[in-house]
Amino acid sequence: MEDRDVPAPVPQRRRGPGRRLIGAVDERLGVDALRYPVPEHANNLGWSLGGLTAFTFVILLVTGVYLAQFYNPTPEAANQSVREISTDVWLGEFTRSLHFWSANAMVLLVILHLLRVVLHGSYKRPREGNFLVGVTMFALVIGGMFTGTVLKWDQEGFEALLHNIEVAYLLGGLGFWLTPEAAANLPILVRLYSAHLMLVPGLIIVLLVLHALLVKRHGISAHPSIPGRSRELDEPFTHHLRRVGAFGLVLLGFLGLLSVLIPPIIGATPVEGIEVTRPPWMFWWLYTLENWFGLRAILWASVGLGVLLVLLPFIDRGPEREWRRRPFVIAAVGLVVLLLIVLSLLVLVTEPEQHL
Amino acid sequence: MTGLLRAFLSTLAALVVIGLSSGEAFAHGGESDTPASAADLVEQTIALMVNTPDDHESVTHRLEEALEAEDTGGADMDLVAQAAEALDEGDMGRARELLEGAIGMGSMMQEDPSPTPDEEDAEPTPAPEESEPPLVLEEFRPSRSLDGGDWVLLAASAAAVAVGALLAWRFRPADTIRSLRRGARTGREE
C-alpha cells in the first residue's frame, strides 16, 4: 500500500496556550527579534540602569496622562489646579507624588547610567553615536525636570522660569523660543506645558527607539574586566528585559512608599521681584555658581558640561576600556563629578540671593 | 577626527556664533530701570512674609522700600504705615492683614473655619466663587496622617518591592561578574 511509503509523523510537544499566544503574536509582529543574544553580565544591576531609566519614563507617562486631565496651564489657575489635584481628585495626591518621585528617580538613574557608561568606556568605537544620542536624552530629561518644576507655578517654579528667560536672553537668537516674545499672545507657561507634554517626551521616545536599535546593532558592550575568552554565556535580550522588569517592580514599590509617606509640597503662589527659593537638587551646582559669578555662570557652566560630555568619546579614543588603564580620563571625570557634588552641597549652607 | 565630523563641528560653531551675535535683535524686555511702585513692593513684602516668615530683616527692608516708593498709586499708604508699626511690634499677622488691605485685597490667611458665636449671628460670608481670589496662597503641605486608602497603597507598594526582589533573585544571571573573572583567570593559567 502507498501508506507504507508515507513517513510517520514526528510527534510534536503540545504547547501551552501562553506559548501559542506568543507564537501567534510573533508570527504577525516579529517580537521574536527581541530574543537577540546579549552577554550574561548585562543582567546585573549596573548594566540595567538604562532599562530602569526607561521604566521610570513609563511611570511618568502613565501618571502624567492622568495629571493632565486635571491640570490647568494658565498662570491664573495653575497653582490652584495642582492643589485641587491633591485634594479633590481620586488618587490625585498619590499620582502627583508618584510623578514627582519618579522624575527625581529618572534623573538619578540617568546620571548613574551615564557614569557606568563612562567608567566602563562603553562610549568607545563603534558606540560614539549612541553615546551622543544618550547625552541628548540626558539633556531632555533635565529639560523635562525643569518644565515640570515650572508647571506647578509656585514661587520655586516661577523663579526657575525667570532664570530660564534671562539665560535665554543671554543666548540671543538661540534662546528665542524660551522668551515670552516668541509668542506674545500666549503665556510662556502654556508653551512650556506643551513642551513638557509633547516635545520633551516625544523626542525622548524617538531617541529611545534609536538608542535601543543602536544597542542591538552594536550589541551590549563587553565587560572590560571579563576577557573575551571567558566562559561567559549569551542570554536572550528578553531575559535582560525580564530582569529589568523585576528591578523595576522593586523601584515602583519603593517610589510608591515614598509617594505615600513623603508627598511633595506645593509652594506659595508666585510673586515677581523676590528670590527666596532653591531649585531642585540637580540644579544646585548651577545655583552655587550663580551666587558666585552671576547669571551668566548658569549658561557657561551648562554649555561647558554639555560640550565635555559630547567631546568625551572623541578625546578618549584608545582601545582600552578598563578604568584602571585610563587613569587620566577617569581622574578628570572624577574631578568634575567631585566638583559638581561639592558645588551642590554648598547650597545647603547658602542663603538665596537676589539676582534678577 | 574625520573630515565629516570636523565639518559638522565647524557648522555647529558657526551657528552658535551667529545665534549668540543675533542676541541684540531680540531686545531684552524683562529688565526695567523704572523703580518699583509701592503696590508692587507691598505685594513682594506679603510674599516674603509667606515664603520666609523667619527672615524678619528682609520683610522689614522690603516694607521700608514700599514706604519710600515714589509711585504710590494703587496702595493705601496709611495702611502700609500701620503695617510697618505692627511689624515693629512683632505682629506679623496683623501687618500682613493691613498690607493686603492696603492693596485692596481681603485677608488671605488661612483661618479657622469654625465660626465663633458672634460670627454665627453675623451676615453669611460670600460663597467662595464670589469672594476675591487670594493674592498669595500659603504653601500647601499635604497631610502626613495616613487613612485607609494610604494603608492600601503602602501595602501594595511593599508587596511590589517584595515580589520584585523575589523575581530579580529568581532571574539572576548564572554567573556573577567576579566568578566570570575568576573563571577566565583560571582558564588562562591552565
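Residues numbered from 1 in each chain as written. Chains lettered and ligands numbered in written order. Predicted model: local features only at pLDDT ≥ 70, side-chain atom pairs only at ≥ 80, totals over all residues. Heavy atoms only, no water.

Caption draft 1: Summary view of the overall build of chain B. Helix and strand content of chain B: eight helices and zero strands. Listing each helix as α and each strand as β along chain B from the N terminus yields α-α-α-α-α-α-α-α. Residue burial in chain B is summarised as follows: out of 190 residues, 31% are buried. In chain B, 61% of the contacts between residues at least 6 apart in sequence involve partners at least 24 apart. With an accessible surface of roughly 12600 Å², chain B has 54% of that area assigned to carbon and sulfur atoms. (Helix = DSSP H or I, 4+ residues; strand = E, 2+ residues; numbered from the N terminus. Buried < 20%, exposed > 50% of the residue type's maximum accessible area, 1.4 Å probe, protein only. Contact = heavy atoms within 4.5 Å. Areas by Shrake-Rupley, 256 points an atom, 1.4 Å probe, with all protein chains shown as cover.)

Caption draft 2: Here's a closer look at the overall build of chain A. From N to C terminus, chain A includes eleven helices and two strands. Walking chain A from its N terminus toward its C terminus, one meets helices and strands in the order α-β-α-α-α-α-α-α-β-α-α-α-α. Counting across all 356 residues of chain A, residues that qualify as buried make up 47%. Put simply, 82% of the contacts in chain A that link residues at least 6 apart link residues at least 24 apart. Summing over all exposed atoms, chain A offers an accessible surface of approximately 18400 Å²; the carbon and sulfur share of this is 68%.

Caption draft 3: Spotlight on the side chain of B:Thr52. Structurally, B:Thr52 can be placed in the loop between helix H2 (38-51) and helix H3 (56-68). For B:Thr52, a relative accessible area of 19% puts it in the buried group. Excluding residues within four positions of it along the chain, B:Thr52 makes contact with A:Val276 and B:Val59.

Caption draft 4: A look at the environment of B:His61. All names here are of chain B. Counting through the fold element by element, histidine 61 comes out in helix H3. Accessibility expressed as a relative area gives 45% for histidine 61, which makes it partly exposed. As for histidine 61 and threonine 45, which are separated by 16 residues in sequence, their C-alpha atoms are 8.7 Å apart.

Caption draft 5: Expanded view of a negative patch on the surface. Residues and elements named next belong to chain B. On the surface, a cluster of negative charge is made up of Glu64, Glu68, Glu85, Asp88, Glu89 and Asp91. Where the negative patch is concerned, the elements lending two or more residues are H3 and helix H4 (77-88). Along the chain, aspartate 88 falls in helix H4. Owing to a relative accessible area of 64%, aspartate 88 belongs among the exposed residues under this scheme. (Patch = residues over 30% accessible without salt bridge, like charges linked within 9 Å, V, L, I, M, F, W, Y side chains within 5 Å. Salt bridge = Lys/Arg side-chain N within 4 Å of Asp/Glu carboxyl O. Lys, Arg positive; Asp, Glu negative; His and termini not counted. Charge placed at Lys NZ, Arg CZ, Asp CG, Glu CD.)

Caption draft 6: Local environment of the pattern of salt bridges. Throughout the structure, instances matching the rule amount to 13 salt bridges over all chains. For the salt bridge of A:Asp32 with A:Arg35, the shortest nitrogen-to-oxygen distance reads 3.7 Å. Here B:Arg141 and B:Glu139 are joined by a salt bridge, their closest N and O atoms 3.0 Å apart. We classify B:Arg141 as exposed; its relative accessible area is 56%.

Caption draft 7: Structural context of helix H10 (residues 296-315) of chain A. Residue and element names in this part refer to chain A. End to end, H10 covers 27 Å across 20 residues, agreeing with the expected 28 Å (1.5 Å per residue, within 8%). Among all positions in H10, only Ala297, Ile298, Leu299, Ala301, Leu309, Leu312 and Pro313 are buried. The elements touched by buried residues of H10 are helix H4 (92-119), helix H5 (128-151), helix H6 (155-171), helix H9 (284-293) and helix H11 (327-346). (Expected span 1.5 Å × (residues − 1).)

Caption draft 8: A look at the interface of chain A and chain B. With 59 residues of chain A in contact, the opposing surface of chain B contributes 57 residues. Interface of chain A and chain B: buried area, both sides summed, is about 4700 Å²; carbon and sulfur atoms make up 69% of it. Across the chain A-chain B interface, the total number found is zero salt bridges. For the pair chain A and chain B, the interface holds nine residue pairs in polar contact (both at pLDDT 80 or more). Going through the elements one at a time, helix H3 (78-88), H4, H6 and helix H8 (237-261) of chain A are the ones with two or more residues in the side of chain A that touches chain B. (Buried area = accessible area lost by both parts, 1.4 Å probe. Polar contact = N/O pair within 3.5 Å; in protein donor to acceptor, adjacent residues only side chain to side chain.)

Caption draft 9: Up close: a nonpolar patch on the surface. All names here are of chain A. A contiguous nonpolar patch, built from Leu21, Val25, Leu29, Val31, Leu34 and Leu241 and spanning about 520 Å² of accessible area, is present on the exposed surface. In terms of residue count, helix H1 (residues 17-29) provides more of the nonpolar patch than any other element does, three residues in total. For leucine 241, the location among the structural elements is in helix H8.

Caption draft 10: A look at the nonpolar core. Residues and elements named next belong to chain A. Residues Tyr71, Tyr123, Phe131, Val150, Trp153, Leu161 and Leu189 are the most contacted members of the largest nonpolar core, which totals 58 residues. In terms of residue count, the dominant contributor to this core is H5 (eleven residues). Those residues in contact with leucine 161 that sit more than four places away from it in its chain are Phe146, Val150, Trp153, Ile188 and Leu192. (Core = buried A, V, L, I, M, F, W, Y, C linked by side-chain atoms within 4.5 Å.)

Caption draft 11: Fine view of the confidence of the model for chain B. All names here are of chain B. Here chain B averages 76 in pLDDT, and 64% of its residues register 70 or above. Across residues 20-31, confidence stays below pLDDT 50; counting only partners more than four residues off in sequence or on other chains, it has 17 contacts. Low pLDDT (under 50) marks residues 122-131, which in the prediction has one contact with non-local residues, meaning those over four places away or in another chain. (pLDDT = per-residue confidence, 0-100.)

Caption draft 12: Examining the environment of A:Ser225 more closely. Structurally, A:Ser225 is set in the loop between helix H7 (188-218) and strand S2 (234-236). Residue classification places A:Ser225 among the buried positions, given a relative accessible area of 17%. For the pair A:Ser225 and A:His120, spaced 105 residues apart in the sequence, the C-alpha separation amounts to 8.9 Å. When residues no more than four places from it in sequence are discounted, the contact partners of A:Ser225 are A:Glu322 and B:Arg181. A distance of 3.0 Å separates the side chain of A:Ser225 from the side chain of A:His223, its partner in a polar contact.

Caption draft 13: Layout of the packing of aromatic side chains. Per the stated rule, a full pass over the model turns up seven aromatic pairs over all chains. Measuring from centroid to centroid gives 5.2 Å for A:Tyr71 and A:Tyr193, while their planes differ by 45°, and the two rings are tilted. A residue pair is termed long-range when its members are at least 10 positions apart, and A:Tyr71 in the loop between helix H2 (49-68) and H3 and A:Tyr193 in helix H7 qualify at 122 residues. Here the basic side chain of A:Arg116 rests over the ring of A:Trp47, its NZ or CZ set 3.7 Å away from the ring centre. The ring of B:Trp169 has B:Arg172 lying over it, and the distance from NZ or CZ to the ring centre is 4.2 Å. (Phe/Tyr/Trp six-rings, centres within 6.5 Å; stacked < 30°, edge-to-face > 60°. Lys NZ or Arg CZ within 6 Å of the ring centre and 35° of its normal.)

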